[in-house]
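Inside the fold
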Amino acid sequence: DAGVIQSPRHEVTEMGQEVTLRCKPISGHDYLFWYRQTMMRGLELLIYFNNNVPIDDSGMPEDRFSAKMPNASFSTLKIQPSEPRDSAVYFCASSLRANRDTQYFGPGTRLTVL
Amino acid sequence: RKEVEQDPGPFNVPEGATVAFNCTYSNSASQSFFWYRQDCRKEPKLLMSVYSSGNEDGRFTAQLNRASQYISLLIRDSKLSDSATYLCVVLYNQGGKLIFGQGTELSVKP
């Protein structure tokens, strides 16, 4: 059974460019989470969805960040315009309704903004 | 003050050693607790849940003290493959929002 799928795995871009990160959750999971991990701040929750609806976006750093979940099998996290301080590993995770305490993480996207 | 705080580490121990990690959390309304493991440049994975009565999974034992808002993880007979970062995690409500500690790095040497 496939786990959470993220793409791209690595992204290098220049400051000011738009970046789109993609996530496919585990089939049947009702919750989807976007996290950011840096050495300085550790793992931070950015936003999460329940049944494709954003529930809590209080972790989104600023208006340059946006996330969508158009259907149960796909979500995007967009940064526009990107800045060097956005460089981090971005993880997507999903969990079941009945067992939403256990979150399964994707392999992450390593973003470098030059 | 961070919501979840862990021993800074790193812990460097020989194979076979017993090592303990500690974690404190600030929100007394926290409902569920976990230890996740993260290997270098990989995603976090659930290691075990932590229950008030304490629980054991092979060489791993987790303890929770709600009164002191303290969580621990004990690893006995450590193996080289235990080398990783261990993340203390707190769930505040059933909505699924996890709060992660900074992690404690463990390095097990031959």
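These numbers come from a predicted model, not from an experiment. Position numbers for residues count from 1 along each chain, tracking the sequence in the order it is written. Ligands are numbered from 1 and chains lettered from A, in the order in which they are written. Where local features are concerned, this predicted model is filtered to residues with pLDDT of at least 70; where side-chain atom pairs are given and counted, the filter is 80 or more; whole-chain, interface and lining totals use all residues. Hydrogens and water are ignored here; the side-chain numbers use all heavy atoms of the structure.

1. Quick notes on the sheet that holds strand β3 (residues 19–25) of chain B
All names here are of chain B.
- Note on pairing: two strands pair once DSSP finds at least 2 bridges between them. Each helix is a run of DSSP H or I of at least 4 residues and each strand a run of E of at least 2, with the numbering of both proceeding from the N terminus. Within the open sheet, the five strands sit side by side as β1-β3-β8-β7-β6. Their pairing is antiparallel. Either end of the sheet is taken by a strand with one partner, and the two such strands are β1 (4–6) and β6 (55–57). When strand polarity is set aside, the average angle formed by the axes of neighbouring strands in this sheet is 20°.
- Bridge count for β1 against β3 is three bridges, and the pairing is antiparallel. Counterpart to Q6 in the pairing with β3 is C23. All axes are obtained by fitting lines to C-alpha atoms, using only the stretch in contact for helices, and the reported angles, taken between N-to-C directions, cover 0 to 180 degrees.

2. Focus: the nonpolar core
- The biggest cluster of nonpolar side chains holds 25 residues, and the ones touching the most others in it are F21, W35, I71, L73, I75, Y86 and L106 of chain B.
- Of all the secondary structure elements, the ones that give two or more residues to this core are β3, β4 (32–38), β5 (44–50), β7 (60–65), β8 (70–75), β9 (84–91) and β11 (104–109) of chain B.
- Contact between two residues is taken to exist if any of their heavy atoms lie within 4.5 Å; hydrogens are not considered. Residue contacts for F21 of chain B: discarding those within four places in its chain leaves D7, F11, W35, I71, S72, L73, I75, Y86, T104 and L106 of chain B.
- In these notes, a set of buried Ala, Val, Leu, Ile, Met, Phe, Trp, Tyr and Cys residues joined through side-chain atoms within 4.5 Å is what counts as a nonpolar core. Each residue gets one of three labels from its accessible area relative to the maximum for its type: buried under 20%, exposed over 50%, partly exposed in between, using a 1.4 Å probe on protein chains only. Within the second largest apolar cluster, 21 residues are counted, among which are V4, L21, W34 and A88 of chain A.

3. A short note on unusual backbone geometry
- Backbone torsion omega between S7 of chain A and P8 of chain A reads -10°, so that peptide bond is classified as cis.
- Mapped onto the elements of the fold, P8 of chain A is located in the loop between β1 (5–7) and β2 (10–13).
- Omega for the peptide link from Q80 of chain A to P81 of chain A comes to -5°, which places this bond in the cis form.
- Mapped onto the secondary structure, P81 of chain A falls in the loop between β8 (74–79) and β9 (88–95).
- A positive phi angle is found at R41 of chain B, which is not glycine, with a value near 65°.
- Phi at Q69 of chain B is positive, roughly 55°, even though this residue is not glycine.
- You can see Q69 of chain B is positioned in the loop between β7 and β8.
- According to the relative accessible area criterion, Q69 of chain B is buried, its value standing at 19%.

Everything listed is a geometric property; what it means functionally is a separate question.
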